[in-house]
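# Notes for the structure review
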Amino acid sequence: MHMHNPPLPDPLASASPAPLEPDGATPVSAELRTLVRDCLDDLDSLVARYVAEVSAFEGYESTVTADDLRDTARACFELLLRLIGGLPLSEELREVPARLGRRRADQGVPLEQLLRAVRMDFRVLWTAMTERTEPADLPELTRGAVRVWEAVEFHTVQVHAAYLDQIAVLARERERERTALMGRLLSSDGRDQRLVTQVATLLQVSTQSDFTVAVAPPGFQQGLRRAVSALPSGQISHLQQHNGMLVLVARLPPGAHHPVPSWLDGVPCAVGPVARGLARVPDAVRMAEAIAATLDGEATGPVTLSEAWMPVAAARLGTMADALADSVLSGLDPLPPHERERLLTAVATYCATGSIAETARVLYCHRNTVLNRLNRFSELTGYRATSPEEAATVLFALHCARSRDGQGPSGGSGRPQDLTSTARRP
């Protein structure tokens, strides 16, 4: 692009239609002004020549009709010739570049092809002028070439700016439409096939694609935004607020089975199961939102349902979670707090490690001490930590109790080993 030539002053900034005589620009000779008037009288031939050249451009042949091309070319040539000749400009002519830029943006004409077409004006004008000039007068015409190019370049810059402005407007409109449609989809049961198809069209994905869903509650959202902003340009994703949380829906590559893509590593967020098809995204979002509601300030990476099932289940059980905690752990109530905590820590550590020796190492005590504490817990509650089924009940009850007491699951991940974090020493 030749953006560094001295531009003509913007005629749109002038309130009066006085002839254009810019400071520092090439003066308009009488010969050039006469040539301009001759070309104005023969606009049809300029338009015909231009249309023959531009109609075959990529992006024009299928989107811009011949009538459209002729009408816009006529207006552009009249504007350019009046700029070159320093002739008065009507308000309608002043708006020609902006209208052209916006129109071609709406039509989807590629910017590169639009600028190529606009700069074709110079070739057509210069050819027409040289054809109308006697050989002896060509040196005089050549001195006016700068003014011709300045007019075309001024016009090009204005068209370019209007095109970019309109592209930004269209992008905002598409984003609003995507957000509105995606909001409807996320609030639905996914059974409205018309809605699913509309969202797929806007996202430019197949309705049968697989998607990962990540949700960040307030306080965690900046990390998720940074991860999305760093995605490769080919990665299709959509980010928006929903139910007070930031929701990310991203298409997974074919054959991907894990719900947590590598680019989410180190990003504190809740990740739902892989949504097999766009219609399953609402369910995945609801599950991820349930996980996100259990995250605490210690979360350091993505948390999946398999890791957070205990806090999620406890939240869903409501008062039943309190009843479960009481029914499993009430046998420990007569114990002093420090002794109760020792037994619970031994049970949680053993369930996390599955080994008496490892539990003894973690708790800095003898293996017989560990066995005694496990046996004591079994005597008081009736539940054996060495039985996988009973251990799962104990761990879940312990989580419910600590959530009720305001301690919550350490780390916010729901992992059994997190339950040992409050008391490691005997």
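Just so it is clear, the structure is predicted and the values come from calculations on it, not from any experiment. (Residues numbered from 1 in each chain as written. Predicted model: local features only at pLDDT ≥ 70, side-chain atom pairs only at ≥ 80, totals over all residues. Heavy atoms only, no water.)

## Let's talk about the overall build of the protein
Across its full length, the protein carries 17 helices and six strands. Relative to its full complement of 426 residues, the protein shows a buried share of 48%. In the protein, the proportion of contacts linking residues at least 24 apart, taken out of those at least 6 apart, comes to 71%. Of the roughly 20,900 Å² of accessible surface on the protein, 51% is carried by carbon and sulfur atoms. (Helix = DSSP H or I, 4+ residues; strand = E, 2+ residues; numbered from the N terminus. Buried < 20%, exposed > 50% of the residue type's maximum accessible area, 1.4 Å probe, protein only. Contact = heavy atoms within 4.5 Å. Areas by Shrake-Rupley, 256 points an atom, 1.4 Å probe, with all protein chains shown as cover.)

## Digging into the pattern of salt bridges
Tallied over the entire structure, the rule returns 19 salt bridges. In this structure, the salt-bridge partner of Arg103 is Asp68, at a minimum N-O distance of 2.9 Å. One end of the pair, Arg103, is in helix α5 (residues 96–107); the other, Asp68, is in helix α3 (residues 66–85), with 35 residues separating them in the sequence. Arg103 sits in the partly exposed class, given a relative accessible area of 42%. (Salt bridge = Lys/Arg side-chain N within 4 Å of Asp/Glu carboxyl O.)

## What to know about the nonpolar core
Leu46, Tyr50, Tyr60, Phe77, Leu81 and Met129 are the most contacted members of the largest nonpolar core, which has 47 residues in total. Looking at which element gives the most residues to this core, the answer is α3, with ten residues. Apart from residues no more than four positions distant in its own chain, Met129 is found in contact with Leu32, Leu35, Val36, Cys39, Leu81, Ile84, Leu141 and Val148. Formed by 46 residues, the second largest nonpolar core is a distinct cluster that contains Leu185, Val271, Ala299 and Val303. (Core = buried A, V, L, I, M, F, W, Y, C linked by side-chain atoms within 4.5 Å.)

## Quick look at the packing of α3 against α5
At their nearest, the axes of α3 and α5 sit 10 Å apart, and the two run at 155° to each other. Taken together, the axes of α3 and α5 lie roughly antiparallel to each other. Classified by chirality, the crossing of α5 by α3 is left-handed. Contacts from Asp68, Leu69, Thr72, Ala75, Cys76 and Leu79 in α3 reach Val96, Pro97, Leu100, Arg103, Arg104 and Gln107 in α5. (Axes fitted to C-alpha atoms, helices over the stretch in contact; angles between N-to-C directions. Parallel < 35°, antiparallel > 145°, perpendicular 65-115°, else oblique. Left-handed = near helix turned anticlockwise from the far one by under 90°.)

## Side note on the pairing of strand β1 (residues 210–216)
The buried count for β1 comes to seven of seven residues, which makes it a mostly enclosed element. Both faces of β1 are covered, namely the face carrying Asp210, Thr212, Ala214 and Ala216 and the face carrying Phe211, Val213 and Val215. For β1 and strand β5 (residues 275–276), the ladder comprises two bridges, and the chain directions are antiparallel. What sits directly across from Asp210, in β5, is Arg276. Bridge analysis of β1 against strand β4 (residues 269–271) gives two bridges, and the strand direction is antiparallel. Its bridge partner lying in β4, Ala214 is registered against Val271. (Pairing = 2+ DSSP bridges.)

## Focus on helix α11 (residues 281–292)
Note: α-helices contain 3.6 residues per turn, so residues at a spacing of three or four share the same orientation. Its twelve residues place the ends of α11 16 Å apart at the C-alpha level, agreeing with the 16 Å of an ideal helix rising 1.5 Å per residue. With nine of twelve residues buried, α11 lies mostly within the body of the structure. Within α11, burial applies to Val281, Pro282, Ala284, Val285, Ala288, Glu289, Ala290, Ile291 and Ala292. (Expected span 1.5 Å × (residues − 1).)

## Some details on unusual backbone geometry
The backbone of Gln204 sits at a positive phi, close to 60°, despite the residue not being glycine. When you line up the elements, Gln204 lands in the loop between α9 (193–203) and β1. Positive phi, close to 55°, is recorded for Tyr364, a residue that is not glycine. If you trace the backbone, Tyr364 turns up in the loop between α15 (356–363) and α16 (367–381). Judged by its relative accessible area of 58%, Tyr364 falls in the exposed class.

## Quick look at the packing of aromatic side chains
Within this structure, the stated rule accounts for five aromatic pairs. Between Phe122 and Trp126 the ring centres are 6.1 Å apart and the planes differ by 5°, which places this aromatic pair in the stacked class. Of this pair, Phe122 and Trp126 are both found in helix α6 (residues 111–131), four residues apart, which corresponds to roughly one turn of the helix. By relative accessible area, Phe122 is classed as partly exposed at 21%. With a relative accessible area of 21%, Trp126 lands in the partly exposed category. Ring centres 5.1 Å apart and planes at 85° place the aromatic pair Phe122 and Trp149 in the edge-to-face group. Of this pair, Phe122 sits in helix α6 while Trp149 is found in helix α8 (residues 145–186), placing the two residues 27 residues apart along the sequence. You can call Trp149 buried: its relative accessible area is 18%. One aromatic cluster is present, built from ring pairs that chain together Phe122, Trp126 and Trp149. A cation over an aromatic ring shows up here: Arg116 above the ring of Phe57, its NZ or CZ 3.8 Å from the ring centre. (Phe/Tyr/Trp six-rings, centres within 6.5 Å; stacked < 30°, edge-to-face > 60°. Lys NZ or Arg CZ within 6 Å of the ring centre and 35° of its normal.)

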